[in-house]
Structures are given as C-alpha cells and as structure tokens.
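# Fold and contact review
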Amino acid sequence: KKVLVINGPNLNMLGIREKAVYGSETLLDIAKEVTTVSQELRLETDFVQSNHEGEIIDKLHAARGVYDVVIINAGAYTHYSIAIRDAIKAIEIPTIEIHLSNIHSREEFRHTSMIAPVCVGQICGFGKMSYILALHAAVNL
Ligand code: DQA
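No experiment lies behind these values; they were computed from the predicted model shown. (Residues numbered from 1 in each chain as written. Predicted model: local features only at pLDDT ≥ 70, side-chain atom pairs only at ≥ 80, totals over all residues.)

### Considerations on the overall build of the protein
Test applied: Think of it this way: any DSSP run of H or I at least four residues long counts as a helix, any run of E at least two long counts as a strand, and we number them from the N terminus. Residues with at least 20 other C-beta atoms within 10 Å of their own are called buried, those with 12 or fewer are called exposed, and the rest are partly exposed. The C-beta atoms themselves are positioned from the backbone. What counts as a contact here is a pair of residues whose C-beta atoms, placed from the backbone, lie within 7 Å.
Helices and strands together make up the secondary structure of the protein, namely five helices and five strands. Counting only C-alpha atoms and orienting by the principal axes, one finds that the protein spans roughly 35 × 35 × 25 Å. When each of the 141 residues of the protein is scored for burial, the buried share is 37%. Counting only contacts in the protein whose residues sit at least 6 apart along the sequence, the fraction spanning at least 24 positions is 75%.

In structure tokens, the structure reads:
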C-alpha cells in the first residue's frame, strides 16, 4: 500500500516552536519514525511538508492514481481552508486527518476542522503517536 503523509504550514518549525504544546522532536525525527513503522507495516510511505496552501493542493491532486491513502496534518489550514477540503474530496483517496495536539482542548478557533467532514477520521492529541496511529489505521482501510 502506498501512503502519502502531508504536513502543512509551520510544521517545519517543530522542535523550535511552542515546545510545551508540540514537544521537542523535530519533523525529521517524526519522519524517521514514520519510515521505520511503515517498513514494519509493509507500507510504502512518502513524507512531505509545505507552508503553501496551493502547493498542498497540488500534492493532493498529484496523489491521484499513485497513493492508496493520504494522511494529512494541515496545520492551521485545517481550520479555514475550504480549498484543501475540496481537494481532498476531489481526489477520492481515503484521507486521515491528524494533529499532534488535541485541537478540541485548545482555543475555540481550533475546534473547527474544515477537512474533518471529507476525511475518514481524525486522530489528534497523541503527539508523534498521532502519525503512528494513522499508519496503523491506513493498513486496515
Ligand atoms: C496542529 C494544530 C493546529 O491548530 C496548528 O495550527 C498547527 C499544528 C497540530 O498538529 O496540533 O500548526 O495541526
């Protein structure tokens, strides 16, 4: 199974930004663990990051016919990007929404996810484990 993990804006700053919320591990640390667990689960996983909404949409479009599952941490775009939501809907690839933090226990503006209704499900609040849990979910989709 081929899996594409997409990371949105500011996730390249992990390990530097708001450590109390997001932890001290970098995106590279997460990418390494995702690679290790993917091998164990026999998944072929690509891991990408972009700070640009249009680029994330382009990556979603390009996933059509290539990937079986998309895992996305859309960062702040989660809360207001109708364009990313429409792209997920358009590509018809089962997509899992993930977040490091529990968006429902934070500021009110983070409680809404524009993409949740077009995703298979949402995993949030488990830090790096949110990525790993999503890989396990991908196996069984
Ligand atoms: C996040 C949660 C978002 O609200 C925030 O804007 C992020 C990271 C998370 O992984 O917890 O950038 O998606």
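### Some thoughts on the packing of helix α3 (residues 53–62) against helix α4 (residues 82–91)
Note the cut-off: In this analysis, axes come from line fits to C-alpha atoms, helices being fitted only over the stretch in contact, and the angle between any two N-to-C directions falls in the range 0 to 180 degrees. Relative orientations are named as follows: roughly parallel for angles under 35 degrees, roughly antiparallel for angles over 145 degrees, roughly perpendicular for angles from 65 to 115 degrees, and oblique for any other angle. Side-chain classes follow a simple rule in which Ala, Val, Leu, Ile, Met, Phe, Trp, Tyr, Cys and Pro form the nonpolar group, Asp, Glu, Lys and Arg form the charged group, and the remainder, Gly included, forms the polar group.
Between α3 and α4, whose axes approach to 9 Å, the crossing angle comes to 5 degrees. By the criterion of interaxial angle, the relationship of α3 to α4 is roughly parallel. Here E53, I56, I57, L60 and H61 of α3 come into contact with α4, specifically with A83, I84, A87, I88 and I91. The class makeup of the residues in the contact of α3 with α4 is eight nonpolar, one polar and one charged.

### Details of the sheet that holds strand β5 (residues 121–124)
Our working definition: By definition, two strands form a pair when at least two bridges between them are found by DSSP.
What the five strands build is an open sheet, ordered β2-β1-β3-β4-β5; its pairing is parallel. The strands lining the two open edges of the sheet, one partner per strand, are β2 (44–49) and β5. The mean angle between the axes of side-by-side strands here comes to 20 degrees, regardless of whether they run parallel or antiparallel. Relative to β2, strand β1 (residues 2–7) runs parallel, the two being bridged by six bridges. Its bridge partner lying in β2, K2 is registered against E44.

### With respect to the pairing of strand β3 (residues 69–73)
Rule in force here: A clockwise path from the first strand over the helix to the second, with the strands pointing away from the viewer, defines a right-handed crossover.
The buried count for β3 comes to five of five residues, which makes it a mostly enclosed element. Alternating residues of β3 divide into V69, I71 and N73 and V70 and I72, and every residue in both groups is buried. For β3 and strand β4 (residues 95–99), the ladder comprises three bridges, and the chain directions are parallel. Residue pairing in the sheet places I72 in a bridge with E97 of β4. With α4 bridging β3 and the parallel β4, this β-α-β connection has right-handed handedness.

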